[in-house]
Each structure stands twice: as structure tokens, then as C-alpha cells.
There are 2 protein chains.
Amino acid sequence: MKDIKPRSACPLSYGLDFIGDKWSLLIIRDMALNNKSTYGEFLNSEEQIATNILADRLGMLEAYGFVTKQVAADKKSKFLYRLTEKGISLVPVIIEIGLWGSVYNPPGLNTQLLSALQQDKEGTIRRIQENLRRHE
Amino acid sequence: MKDIKPRSACPLSYGLDFIGDKWSLLIIRDMALNNKSTYGEFLNSEEQIATNILADRLGMLEAYGFVTKQVAADKKSKFLYRLTEKGISLVPVIIEIGLWGSVYNPPGLNTQLLSALQQDKEGTIRRIQENLRRHE
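Owing to the predicted nature of the structure, the values given are computational and were not obtained by experimental measurement.

Draft legend 1. Just the relation of the copies chain A and chain B, in detail. For the pair chain A and chain B, the relating rotation is 180°, the translation along its axis is 0.0 Å, and the fit reaches an RMSD of 0.0 Å. Viewed as a symmetry operation, the transformation between the two copies matches a two-fold axis. Of the C-alpha atoms belonging to chain A, the one lying closest to the rotation axis is found on aspartate 21 of chain A, 2.2 Å away. A symmetric contact is evident, with 100% of the interface residues of chain A recurring at the interface of chain B.

Draft legend 2. Here's a closer look at the interface of chain A and chain B. Across the contact, 42 residues belong to chain A and 42 residues belong to chain B. When chain A packs against chain B, the two sides together hide about 3700 Å² of surface, and 68% of this comes from carbon and sulfur. Area buried by chain A at its contact with chain B is led by Arg7, Leu12 and Trp100 of chain A, which between them contribute 19% of it. Seen at the junction of chain A and chain B, the total is zero salt bridges. For the interface between chain A and chain B, the tally reads 15 residue pairs in polar contact (both at pLDDT 80 or more). Elements with a contribution of two residues or more to the side of chain A that touches chain B: helix H1 (11–19), helix H2 (24–32), helix H5 (85–88), helix H6 (91–104) and helix H8 (121–134) of chain A.

Conventions and cut-offs
- Residues numbered from 1 in each chain as written.
- Chains lettered and ligands numbered in written order.
- Predicted model: local features only at pLDDT ≥ 70, side-chain atom pairs only at ≥ 80, totals over all residues.
- Heavy atoms only, no water.
- Least-squares fit on C-alpha atoms with pLDDT ≥ 70 in both.
- Contact = heavy atoms within 4.5 Å.
- Buried area = accessible area lost by both parts, 1.4 Å probe.
- Salt bridge = Lys/Arg side-chain N within 4 Å of Asp/Glu carboxyl O.
- Polar contact = N/O pair within 3.5 Å; in protein donor to acceptor, adjacent residues only side chain to side chain.
- Helix = DSSP H or I, 4+ residues; strand = E, 2+ residues; numbered from the N terminus.

Okay, structure coming up:
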């Protein structure tokens, strides 16, 4: 894993320094929306991330405080990844790209989530975030 | 430039297939927020994109309909890049990552834009998009 050095003071560029790749936000999606928390679960996602990329991205996400890694209570060799507040704060970004993809590659987000977002975007995002905080 | 094949039906993954890299959204930012439209202007941005990456990303953005490339009226050897409706539809994504970066790497977005977004996010984004449509 390489050290991340901000390319400029631009906040968009700063964000992309961390999440500007094809995989990091999918791992965060798995934790935020799909209730996944283990390496094996991330590996089994439909996009078929390679093991070396998954290990690299999880290392980056942990090193920069987006996720925590803890030993599972039921099995010492199992690690559980959880979103920190910094990781949870990326939910609006995930949702916004998901909404974009729902327009350009329909049907996109599942009907229930899409409809909730269309009715009350900020409230729906807040509820997702509050639910994640409860599991921290 | 490689063909882009969607990795899954997930709309987030679909979006990241196109903009999941460190540079594409910075080029769109330059057009959307910084009034830039030429190769030279993109090249001169603070993040110092390499020429081969810039050429590759502009090719992708044009091939997939995010931007148009037209000969400048004042100089036949100059090309002007403009956002299409599909490119303009990424403004909410740029803003959301910019707002995230403004929290984690302050001060972030310029004060005027940040304050407008805090007062009325949807309206401010709509006004940016309407302004870009006027220049199409």
C-alpha cells in the first residue's frame, strides 16, 4: 500500500486521492448497504474483486480510518470490518453515484431504496447512517 | 483506451466503471466549476495530470458521451471540450465528494459555494447545471 499524498487543496481531488478507484467504494457499499463485514463476504461480491486488490484496499481503508478491523467473537481467526464515522460519512457519495447509475443503467438501485430516496433523500441517507452507527 | 464492460448490475459499480479513477472527475470539475474547456487548460490544473492520462480520459469521456469535442471558432487547431447532459448529470457526484473533502480536509470548497450548498444544496446544484446547459 502506498502512502497517499494530497495532489492539491481541492476537496474533490482530496476525496479522489482515497476513493478514486473502481473498488474502495464497492467495499464500503458492501458494509453500508449489504450488511457484509468479512473478507470472504467482500470477495464473494458480484464484481469479483481480486484477492490482492481487496487486501490492498482494506489495508488503505483501515490505515486511513474508514474502517476498523476486529477479531470476531465467535472465531479467533475471523476478522470483522466495520465502518467508522469517516466511512459512514461516505454514504451520501455512494448514494449519489448509485442514483446516477440508476438513470444511465436502469433499473439501478432496488425499488424500495430508490423510492425512499426520491421521496426524501436527506432523511433516507440519515436513516441509513444512523442504522450503521447502531452497529458500531 | 479500453472498452468498458459493466462488472455487475449495481448502479454504484456501473458509475465507478466510468468515473472510478483519480482523474476523470477532476477533468469534469474543470469544465463544470472552473470554466475550462481546452486540453491545455486541463493540463495546467494544480494536480498536474500526465499528458497520456489526460488524453486517455478525454478519449473515454468523449467515447461514452460525457463530453463533446469541437473545433474552436477562433482557431482550427484548437479543440473545445464541453459537458453533455450526461456529463452535467455528474455535478451532484462532484459536489458530494467535494462536501466530504471539505469536512475531512478543510477549508475545502470555496466559501461562497460551500455556504450556498449549506443553505440550499439541491437548488445550488440545479443552478450550476442550468448555467452549464446555457453554454452547451
